[in-house]
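Observations on the three-dimensional arrangement
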Amino acid sequence: MHSRERPLYRQSSPCTIFQVPPSSFHIPFQPLHPLYSKCGRLSSARNAFDQTQEPNVFTFNAIVAAYAKESHTHIAHQMFDKIPHPDLVSYNTLISAYADRGETEPALSLFTGMRNMDLDMDGFTISAVITGCCDDIGLISQLHSVAVSGGFDSYVSVNNALVTYYSKNGFLEEAKRVFYVMGEVRDEVSWNSMIVAYGQHRQGLKALTLFQEMVRRGFKVDMFTLASVLTAFTCVEDLLGGRQFHAKLIKTGFHQNSHVGSGLIDLYSKCAAGGMSDCRKLFEEIPYPDLVLWNTMISGYSQNDEFSEDALDCFRQMQRVGHCADDCSFVCVISACSNLSSPSQGKQIHALVTKSDIPSNKFFMTFQGRQAISFSMEDALDSWLRVSNQAKDIFKFLLWDKFIGIDY
């Protein structure tokens, strides 16, 4: 007869900690709170941290990382400021947190502080700051120089960041130069980044060639690579090749990924006759469509005059499920309004753009796109006040042409 033994612990999630009062078991809190942090239990991590009598830099770094992981950069910075002597990990953690959120100024301020204090840095510091300066090509070029002079260009992460952000800012030749200088130290991220770069710049044949070379060398591909390969097929208008690639994606299950699905929808909407029915089927197969996928679907509809009403319906559905329209959403739906010759619909979209958080330059671009909105003088003056000074010289000619009846 088997005796029943009381289990030593209650089996639960991998992150469940013994439910024993600390006073009775005398477990030090210092090793516990990093464990809570890694398990995503922020409140438990903070409680453990607060009960640590003499937290060291390792303990502080763990709580800073915990807040950073949950995008609480303000609190992460507050905890960082309490560290008596922050180390390299402290700085890298906080710089990366700001960089991931696209907050250039605080990331750059921390980096500048490190340099002024002659603190040691490494390649991860440089790559994080490059990410933080993602849309400032001047700063990226300066950081590239710092990386080369400091020997940090030997870090793959630094080169990968340079490839990505040179390309995103339109400097494909610089991205190529960095990629090919890396030689055999290139990793999967390097190859993926360069293929994505070719896809972004509509150089389909080069993207396909590089993809084939990457597969031949045995590197793994990710969803961004696959989406870029689909962009490559779209660029060269190779529908047959795209369909064959689609079949391979179905076998691997990648076709249900939102990012890859966007590439497929873009391919069929641009290259296949009557492709919007295929696009709709693809869209419905993806469990959790993101904003990019919705935008791609709206764009596909808006490119065909007969589907302009569908584009507006798709835009409304996107809003109903909780997605906030961005500049790409508005450009696509404004194009649909233009196809319908519907000033009333255009004015509704104009009102939405005005209420949105879209930066002024992107706002300007939505109006530039096919001059879709038949707006009044009052609308025009409002738009003029919202665009940046840099855009006004161009925008004033668009407005003038609009009112004297010139169409493009």
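About the criteria used
Residues numbered from 1 in each chain as written. Predicted model: local features only at pLDDT ≥ 70, side-chain atom pairs only at ≥ 80, totals over all residues. Heavy atoms only, no water. Helix = DSSP H or I, 4+ residues; strand = E, 2+ residues; numbered from the N terminus. Buried < 20%, exposed > 50% of the residue type's maximum accessible area, 1.4 Å probe, protein only. Contact = heavy atoms within 4.5 Å. Areas by Shrake-Rupley, 256 points an atom, 1.4 Å probe, with all protein chains shown as cover. Salt bridge = Lys/Arg side-chain N within 4 Å of Asp/Glu carboxyl O. UniProt positions renumbered as here; feature names shortened; annotations may be inferred. Core = buried A, V, L, I, M, F, W, Y, C linked by side-chain atoms within 4.5 Å. Domains from an automatic or database assignment. Phe/Tyr/Trp six-rings, centres within 6.5 Å; stacked < 30°, edge-to-face > 60°. Lys NZ or Arg CZ within 6 Å of the ring centre and 35° of its normal. Expected span 1.5 Å × (residues − 1). Arc of directions from axis to C-beta. Axes fitted to C-alpha atoms, helices over the stretch in contact; angles between N-to-C directions. Parallel < 35°, antiparallel > 145°, perpendicular 65-115°, else oblique. Left-handed = near helix turned anticlockwise from the far one by under 90°. Nonpolar A, V, L, I, M, F, W, Y, C, P; charged D, E, K, R; others polar.

Attention now moves to the overall build of the protein chain. Across its full length, the protein chain holds 24 helices and zero strands. For the protein chain, the residues scored as buried account for 45% of the 408 residues in total. Counting only contacts in the protein chain whose residues sit at least 6 apart along the sequence, the fraction spanning at least 24 positions is 59%. Taken as a whole, the protein chain presents about 22,300 Å² of accessible surface, with 54% of it coming from carbon and sulfur.

Applying the stated rule across the entire model yields nine salt bridges. Two residues, R101 and E103, come together in a salt bridge whose shortest N-O distance is 2.7 Å. Look at R101 and you get partly exposed, because its relative accessible area is 45%. Taking relative accessible area as the criterion, E103 reaches 25% and is therefore assigned partly exposed. A salt bridge links E173 to K176, with the nearest nitrogen and oxygen atoms 3.4 Å apart.

Bringing the UniProt feature "repeat: PPR" (unreviewed entry) in the protein chain into the picture now. Mapped onto the present numbering, the UniProt feature "repeat: PPR" (unreviewed entry) falls at residues 87-121, 187-221 and 290-325. In this annotation, residues 87-121 is assigned 74% helix and 0% strand; the end-to-end C-alpha distance for the span is 10 Å. Secondary structure within residues 187-221 divides into 74% helix and 0% strand; the distance between the first and last C-alpha atoms comes to 11 Å.

Let us look at the nonpolar core. Counting 90 residues, the largest nonpolar core has I95 and I126 as the members making the most contacts within it. When residues are assigned to domains, this core turns out to be shared by domain 1 (201-272) and domain 2 (289-372), each giving three or more. Beyond its immediate stretch of four places on either side in the chain, I95 contacts A107, L110, F111, M114, T125, A128 and V129.

Further remarks concern the packing of aromatic side chains. Evaluated as defined, the whole model comprises eleven aromatic pairs. Ring geometry for F233 against F245: centres 5.7 Å apart, planes inclined by 45 degrees, an arrangement best described as tilted. Remark: F245 occurs in helix α15 (residues 239-252) and F233 occurs in helix α14 (residues 223-235); sequence separation between them is twelve residues. For F233, a relative accessible area of 9% corresponds to the buried category. F245 sits in the buried class, given a relative accessible area of 9%. An angle of 55 degrees between the planes, with centres 5.9 Å apart, marks the rings of Y301 and F307 as tilted. Taken together, the ring pairs connect F179, Y180, W191 and F219 into an aromatic cluster. Sitting over the face of the ring of F179, R186 holds its NZ or CZ atom 4.5 Å from the ring centroid.

The next subject is the environment of A227. Topologically, A227 is positioned in helix α14. On the basis of relative accessible area, A227 is assigned to the buried category, the value being 8%. In the structure, A227 is positioned 39 residues away from D266 in sequence and 9.9 Å away in space, judged by C-alpha atoms.

With that settled, consider the environment of F111. Among the secondary structure elements, F111 is positioned in helix α7 (residues 104-116). Between the C-alpha atom of F111 and that of N92, which follows or precedes it by 19 residues, the distance is 9.0 Å. The contacts of F111, once residues within four sequence positions are left out, are I95, M121, T125, I126, V129 and L143.

Okay, the side chain of T125 next. Position of T125 relative to the elements: it lies in helix α8 (residues 123-132). Among residues more than four places away in sequence, those in contact with T125 are L88, N92, I95, F111 and M114.

What follows covers the side chain of N160. Among the secondary structure elements, N160 is positioned in helix α10 (residues 156-168). With sequence-adjacent residues up to four places away left out, N160 is seen in contact with M182, D187, V189, S190 and S193.

With that out of the way, let us pick up the environment of V181. If you trace the backbone, V181 turns up in helix α11 (residues 172-182). Take V181: its relative accessible area is 67%, and that puts it in the exposed class. Residues V181 and N159 lie 22 residues apart in sequence; the distance between their C-alpha atoms is 9.4 Å.

Given 3.6 residues per turn, any residue in an α-helix points the same way as the ones three and four places further on. Given a rise of 1.5 Å per residue, 14 residues ought to cover 20 Å, and the 20 Å separating the end C-alpha atoms of α15 matches this to within 8%. Along α15, the positions that sit buried rather than exposed are L239, G241, G242, F245, H246 and L249. For α15, the arc enclosing every buried residue in end-on projection is 150 degrees, short of the 170-degree limit, so these residues lie on one face. Pointing more than 90 degrees away from the buried face of α15 are the exposed residues L240, K248 and K251. For α15, the secondary structure elements touched by its buried residues are α13 (204-216), α14, α16 (258-271) and α17 (275-285).

Moving on: the packing of helix α6 (residues 88-100) against α8. Their axes nearest at 8 Å, the elements α6 and α8 cross at an angle of 20 degrees. When the interaxial angle is binned, α6 and α8 end up roughly parallel. Relative to α8, the crossing made by α6 is left-handed. Counted together, L88, N92, I95, S96 and A99 of α6 and F124, T125, A128, V129, T131 and G132 of α8 form the full contact between these two elements. Counted by class, the contact of α6 with α8 contains six nonpolar, five polar and no charged residues.

Moving on, we come to α13. When the terminal C-alpha atoms of α13 are compared, their 18 Å separation across 13 residues agrees well with the 18 Å that a helix rising 1.5 Å per residue should span. Regarding α13, the residues found buried are G204, A207, L208, L210, F211 and M214. One side of α13 carries all its buried residues, which in axial view fall inside an arc of 165 degrees. Every exposed residue of α13 that faces more than 90 degrees away from the buried side is listed here: L205, T209, Q212 and R216. G218, located one to two residues past α13, shows a positive phi value of around 90 degrees.

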